[in-house]
Amino acid sequence: ELPHVGTMGDVTKLSLSIRSDNYIVSDVSRNGRDDYSGYAGRILPLAAIDWQMPFVSNQGVYHQVITPIAMAAWSPNGGNPAEISNEDSQSFEFDDINLFAHDRFGGLDRAEDGFRASYGLEWAVYGPDGGYTSAMFGQSYRANKNDTFAAGSGLEEHLSDYVGRVTVSPNSYLDLTYRYRLDNDDLSARRNQVTIAAGSLDTVRINTSYVHFTDDAGSEEFDEREEVYFQAERQFSQFWSAQAYSRYDVDQSDPLEYGFGFVYEDECFVFDGRVRRTFYQDQDLGESDEFLFRLVFKTLGEFASAAGL
């Protein structure tokens, strides 16, 4: 990565990388051809450039910032051979968080290829006591119109759906956020998410989210979704915290998962544990009880262990 700050305050970053994935697979379906078993692999070079230019205006005790943002990235076409099955990148959601990501898949089994670019505008105003209001709006362009992203993902066409966010945080004890995705053709809402976070970690921090996907805005795993997510978190000491959470399917009136966990974090490492009960149903998984422990050395890497019943 090569960052550069221009004389006008513009910030540019050039990124070059190369990635290699190697698989041993069994009975992978290949869309009409015989199932494949054996070795599968790929090499994925990436070149990308990120640019933004903040404009700042001071109006008494308030500070306003307007930032145009742009990104362009390129990888060779054909980065997803049929011999590599998609296990960890099915539940894909296109939103304001990954709009400017060089690769918008969350897992490793799928990779974004070809030329793509994104543009957007971010606005924020900050008050004297730490409160702020911000908004963001943007869109993406992909040179290839193929099946890299599933129909309904918002990225299946050359020009993507519009994504955005509005956040109102009057103080450190309350955050209100609305995220949305609008259809590229008629601006109809394809995704709505409302999140309310209230309280303090010293007492209890409550986070509640409602999300709704229309029936043509899901992923390879899901069609229409309407869910409510609830989380409570508390910091018990300088290093220890705990949380409990649940996810509920509003449309089916059924729980999807619930669990609780703890986190220990100091200047050297992070250790956390989680117990959860899931009610998801697909071809590989049914209802299950899971125990997960994760140890992260901040200067070395991560070790994780999981068990399920």
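Sequence order sets the numbering: in each chain, residues are counted from 1 along the sequence as written. The model is predicted, so local features are restricted to residues of pLDDT at least 70 and side-chain atom pairs to those at 80 or more, both for listing and for counting; the totals for chains, interfaces and linings are taken over all residues. To get the side-chain values, take all heavy atoms of the structure and skip hydrogens and water.

## A short note on the side chain of Arg 179
Phase 1: With respect to the secondary-structure elements, Arg 179 resides in strand E9 (residues 174-182).
Phase 2: Contacts are assigned to residue pairs that have any heavy atoms within 4.5 Å of one another. In contact with Arg 179, not counting residues within four places along its chain, are Asp 96, Ile 97, Gly 164, Arg 165, Arg 191, Asn 192 and Gln 193. Every helix listed is a DSSP run of H or I at least four residues long, and every strand listed is a run of E at least two residues long, numbered separately from the N terminus.

## Here we look at the side chain of Ser 169
Phase 1: With respect to the helices and strands, Ser 169 occurs in strand E8 (residues 162-171).
Phase 2: Side-chain polar atoms of Ser 169 contact the side chain of Asp 175, separated by 2.7 Å.
Phase 3: Ignoring any residue separated from it by four or fewer positions in sequence, one finds Ser 169 in contact with Gly 131, Tyr 132, Leu 174 and Asp 175. The term polar contact refers here to a pair of N or O atoms within 3.5 Å; inside protein, the definition further demands a hydrogen-donor-capable atom paired with an acceptor-capable atom, and it admits residues adjacent in sequence only when both atoms are side-chain atoms.

## Description of the nonpolar core
Phase 1: Residues Ala 73, Phe 92, Phe 94, Leu 99, Phe 100, Phe 149 and Leu 155 are the most contacted members of the largest nonpolar core, which totals 14 residues.
Phase 2: Looking at this core, the elements that each hand over two or more residues are strand E3 (33-52) and strand E5 (62-75).
Phase 3: At three residues, the largest contribution of residues to this core is made by E5.
Phase 4: Each nonpolar core is a collection of buried residues, namely Ala, Val, Leu, Ile, Met, Phe, Trp, Tyr and Cys, held together in the definition by side-chain atoms within 4.5 Å. Each residue gets one of three labels from its accessible area relative to the maximum for its type: buried under 20%, exposed over 50%, partly exposed in between, using a 1.4 Å probe on protein chains only. Within the second largest apolar cluster, five residues are counted, among which are Val 25, Val 28, Ala 40 and Ile 84.

## Some points on the environment of Glu 287
Phase 1: Tracing the backbone shows Glu 287 in the loop between strand E15 (269-278) and strand E16 (288-297).
Phase 2: Classification of Glu 287 as partly exposed rests on a relative accessible area of 45%.
Phase 3: C-alpha separation for the pair Glu 287 and Asp 27, spaced 260 residues apart in sequence, amounts to 25 Å.

## Let's talk about the pattern of salt bridges
Phase 1: Salt bridge criterion: a side-chain nitrogen from Lys or Arg within 4 Å of a carboxyl oxygen from Asp or Glu. Tallied over the full model, the rule gives 25 salt bridges.
Phase 2: Two residues, Arg 33 and Glu 83, come together in a salt bridge whose shortest N-O distance is 3.8 Å. One end of the pair, Arg 33, is in strand E3; the other, Glu 83, is in the loop between E5 and strand E6 (114-126), and 50 residues separate them in sequence.
Phase 3: The partly exposed category is assigned to Arg 33, whose relative accessible area is 49%.
Phase 4: By relative accessible area, Glu 83 is classed as buried at 17%.

## Things to note about the packing of aromatic side chains
Phase 1: Pairing of aromatic rings covers Phe, Tyr and Trp, the last counted by its six-membered ring, and requires centre-to-centre distances within 6.5 Å; plane angles under 30 degrees mean stacked, over 60 mean edge-to-face, and any other angle means tilted. Considering all chains together, one arrives at 13 aromatic pairs under this definition.
Phase 2: With centroids separated by 6.4 Å and ring planes inclined at 10 degrees, the aromatic side chains of Phe 271 and Phe 293 adopt a geometry described as stacked. Highlighted residues: Phe 271 in strand E15 and Phe 293 in strand E16, separated in sequence by 22 residues.
Phase 3: Residue Phe 271 is classed as partly exposed on the basis of its relative accessible area, which comes to 28%.
Phase 4: Note on Phe 293: relative accessible area 40%, which makes it partly exposed.
Phase 5: Connected via pairs of aromatic rings, a cluster forms that spans Phe 239, Trp 240, Phe 262, Tyr 264, Phe 269, Phe 271, Phe 293 and Phe 297.
Phase 6: A cation over a ring is seen here: Arg 225 above Phe 213, with NZ or CZ 4.4 Å from the ring centre. The criterion is that NZ of a Lys, or CZ of an Arg, lies within 6 Å of the ring centre and within 35 degrees of the ring normal, and then a charge sits over that ring.

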